[in-house]
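Next come the chains, spelled out residue by residue.
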Amino acid sequence: MQSFPLKTVVIVGGGTAGWMSATALAVALKGRYTIRLVESDEIGIVGVGEATIPMIQLFNKVAGIDENEFLRQTQGTFKLGIEFVNWGRMGDRYMHGFGKIGQDLWTVRFDQYWQKMHRLGKAKELQDYSITRTAALANKFMPARHDLPNSPLRDIAHAYHFDASLYSRYLSKLAQTRGVQRIEGKIVRVSQREADGHVDAVVLESGARVEGDLFIDCSGFRGLLIEQTLHTGYDDWTHWLPCDRALAVPCESAPKLLPYTRSTARRAGWQWRIPLQHRIGNGHVYCSAHVSDDEAAATLMANLDGKPLGEPRPLKFTTGRRKKAWNRNVVAVGLSSGFLEPLESTSIHMIQSAIQRLIDYFPDEAFSQADVDEYNRQSQQEYERIRDFIILHYKLNQRDDSAFWKECAAMAVPETLTHKIALYASRGRLLRIDNELFSEEAWLQVMQGQNLVPQSYHPLVDVQREDDIAEYLESVRAVIVKCVELMPDHAQYIAQHCAANA
Ligand code: FAD
């Protein structure tokens, strides 16, 4: 079968999704296609989305982005995980850190030996067996040393915090130097082909038509093409994730530059704290059925670690996903494809994986329906697996101080999640379905951190002598402590390698 390549890709929207798409496609399409990006300064961008997960390093690699330069340009800092405060019970604190826990040695996973020894009172806390968590809590940072194969320093996994507006601006410059054409203007009409309903142009307020063969809808929550034009439909997941509003406000920096995000559960939602070089980003995600906007704002403003640098900015959302991320010749990327609250900082990653998926299934003029269907299947699977992980945090709370938390603990959750919780509750077993984003270690940390104690552990743990296990656990921990002692302070590392221009 002959293939007729497309000629022009139009990206609608210049937020994080638009400019990440433009940057990556400029590399992948190697100048053989015209790439145009339309954005409107008048409408602006959502301007939040400042915490990431380690997979963003892959995006940087593919896009040819230098880590230090990118952090300098975006006031960025390093992130080793997320600290969860008050999520199990009031006063609880645990870390979901990136990367490995322990070192596998015998027949079953490291954490199974830990489960046994911890219940016997012969093991320290889970986080003590991970270099990333130990470093985070000691306020230390350095990137992994892949040249040291036998050291835990090889296991450090990191992501970034950055200023969302500076990030879009940085990528915009980069993409334009790679040939992407930026068009400023407000889209007032979308034109469709009569024959098949494919979008063939967007029309700007000036009257100009921007024509294309493939449209990437990065227009944010409004879903200008995917929803307003193609009426694709939306799966609403509010019954599992009832938070529907957020308030965001920056504040002045605190004396210590923490290398992690903090999420503190509030009466009917939670508050984020994202440390950047020049400020701290804060926000309160909440459920409007349980708390008023005024109360939510007051809670946020009363819990900042520095002087506020503005008024809280309101955002509204409906958790869920677009029924098809790819419809006709429109692919929704970013907030136009759906929304999961930022509890595990997954949205930017989902932009990245959508772009990768689009490159994998890049169409020609025929727009193979089989490819489109497979793209949509993978996209749905990704959304649902991440959704389950986020619901887990709510489901496993034991708070009795508000109706919100009690309702979350009592709610029926998706089958897939019920199954995972049951497996862990019985023998501490961890299940990763369909190569899903979050690792066994991630699931372990949240279930353990929120006080779900398995009834027992893997039976084969008992084939190992208890003293041998105790000695092994201790040796892993002791080496981690020594390594972390040698690591530089987070702020010091930044000052040396990637301090932003004032
Ligand atoms: P937007 O930033 O809204 O961009 C939309 C673009 O479309 C803009 O350029 C706009 O001008 C353009 N546009 C729209 N309509 C028109 C029109 N008619 N004509 C021309 N142009 C138009 N993600 C994370 O990974 N980590 C986080 O910590 C995180 N925190 C978040 C906190 C909150 C409260 C929210 C709501 C989201 C958070 N996210 C987070 C998600 C993250 O912000 C988004 O995934 C990311 O910013 C991408 O947004 P976007 O580019 O899809 O949309």
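This text follows the structure it describes.
The text that follows walks through the structure, step by step, so that each part is easy to find.

Right, let's talk about the environment of Phe141 for a bit. Looking at the secondary structure, you find Phe141 in the loop between helix 5 (131-137) and strand 6 (159-161). As for Phe141 and Leu204, which are separated by 63 residues in sequence, their C-alpha atoms are 47 Å apart. Other than its neighbours up to four places away in sequence, Phe141 contacts Phe78, Leu80, His158, Met487, Pro488, Asp489, His490 and Tyr493.

Okay, helix 8 (residues 347-360) next. Between the first and last C-alpha of helix 8 there are 20 Å, a value that for 14 residues agrees with the 20 Å anticipated at 1.5 Å per step. By the criterion of burial, helix 8 is predominantly enclosed, with ten of the 14 residues buried. Taken together, the buried positions of helix 8 are occupied by Ile348, His349, Met350, Ile351, Gln352, Ser353, Ala354, Ile355, Arg357 and Leu358. Summarising the contacts, the buried residues of helix 8 are in contact with helix 1 (16-28), helix 2 (56-63), strand 11 (214-217), strand 19 (326-327), strand 20 (330-332) and helix 9 (369-395).

The next point concerns the packing of helix 8 against helix 9. With their axes 11 Å apart at the nearest point, helix 8 and helix 9 run at an angle of 160 degrees to one another. Relative to helix 9, helix 8 is oriented roughly antiparallel. Between helix 8 and helix 9 lies a crossing whose hand is right-handed. Across the interface between the two elements, His349, Met350, Ser353, Ala354, Arg357 and Leu358 of helix 8 pack against Tyr375, Gln378, Ser379, Glu382, Tyr383 and Ile386 of helix 9. A per-class count over the contact of helix 8 with helix 9 returns six nonpolar, four polar and two charged.

Time to look at the environment of Trp240. With respect to the secondary-structure elements, Trp240 resides in the loop between strand 12 (234-236) and strand 13 (245-251). On the accessibility criterion, Trp240 (16% relative accessible area) is buried. For the pair Trp240 and Cys408, spaced 168 residues apart in sequence, the C-alpha separation works out to 7.9 Å. The contact partners of Trp240, leaving out residues within four places of it in the chain, are Arg387, Ile391, Met411, Ala412, Val413 and Pro414. Polar side-chain contacts of Trp240 include one of 3.1 Å to the backbone oxygen of Ala412.

So, how was this worked out
Residues numbered from 1 in each chain as written. Predicted model: local features only at pLDDT ≥ 70, side-chain atom pairs only at ≥ 80, totals over all residues. Heavy atoms only, no water. Helix = DSSP H or I, 4+ residues; strand = E, 2+ residues; numbered from the N terminus. Contact = heavy atoms within 4.5 Å. Expected span 1.5 Å × (residues − 1). Buried < 20%, exposed > 50% of the residue type's maximum accessible area, 1.4 Å probe, protein only. Axes fitted to C-alpha atoms, helices over the stretch in contact; angles between N-to-C directions. Parallel < 35°, antiparallel > 145°, perpendicular 65-115°, else oblique. Left-handed = near helix turned anticlockwise from the far one by under 90°. Nonpolar A, V, L, I, M, F, W, Y, C, P; charged D, E, K, R; others polar. Polar contact = N/O pair within 3.5 Å; in protein donor to acceptor, adjacent residues only side chain to side chain.

Bear in mind that shape data such as this cannot, by itself, settle questions of function.
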